[in-house]
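Topology and contacts: notes
One letter stands for each residue in the lines below.
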Amino acid sequence: MQAWNSPFGNVRATLFELAYPASAYGFFTLRRKAEATSLQPSSIGAESFQAGNRRYFWQSHYVVRLEGDP
């Protein structure tokens with residue numbers, strides 16, 4: 001986990017590393033089904049979704065969760 005603070009806001013990143021890309025996709029899909037409030041596309045990762053003040057995306061063996069100010 002890593003956190004950044006600036007006059008413009010705060011963000012915290014959590015990186016989930018899984019053994020296989022299929023595992024990362026499965027984890028991402030379960031989180032999306034349980035939490036998604038918006039499926040607005042973004043230019044990060046293979047896919048992404050928003051859940052309140054959290055944005056999730058996945059790429060290869062990793063799922064990333066960004067939490068913070070919009």
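With that settled, the discussion passes to the pairing of strand β3 (residues 47-51). Looking at chain direction, β3 and strand β4 (residues 54-59) are connected through five bridges and run antiparallel. Each residue of the ladder has a partner; that of Ala-51, found in β4, is Arg-54. Between the end of β3 and the start of β4, which pair antiparallel, lie two residues, with Gly-52 showing a positive phi angle near 65°.

It is possible for side chains of opposite charge to pair when their charged atoms get near one another. Within the structure shown, the criterion is met by five salt bridges. Ionic pairing is found between Glu-35 and Arg-31, a salt bridge with its closest N-O pair at 2.7 Å. A residue pair is termed a helical-turn pair when its members lie 3 or 4 positions apart in one helix, as Glu-35 and Arg-31 do in helix α1 (residues 21-35) at four residues. One salt bridge connects Arg-65 with Glu-67, and the closest N-O pair in it is separated by 3.3 Å. Accessibility classification places Arg-65 together with Glu-67 in one group, the buried group. Connected through shared salt-bridge partners, Arg-12, Arg-65 and Glu-67 make up one network.

Okay, the packing of aromatic side chains next. The final tally for this structure, using the stated rule, is four aromatic pairs. A centroid spacing of 4.8 Å and a plane angle of 10° characterise the contact between Phe-49 and Tyr-56, whose relative ring orientation is stacked. The exposure class of Phe-49 is buried, given its relative accessible area of 0%.

How each quantity is defined
Residues numbered from 1 in each chain as written. Predicted model: local features only at pLDDT ≥ 70, side-chain atom pairs only at ≥ 80, totals over all residues. Heavy atoms only, no water. Pairing = 2+ DSSP bridges. Helix = DSSP H or I, 4+ residues; strand = E, 2+ residues; numbered from the N terminus. Salt bridge = Lys/Arg side-chain N within 4 Å of Asp/Glu carboxyl O. Buried < 20%, exposed > 50% of the residue type's maximum accessible area, 1.4 Å probe, protein only. Phe/Tyr/Trp six-rings, centres within 6.5 Å; stacked < 30°, edge-to-face > 60°.

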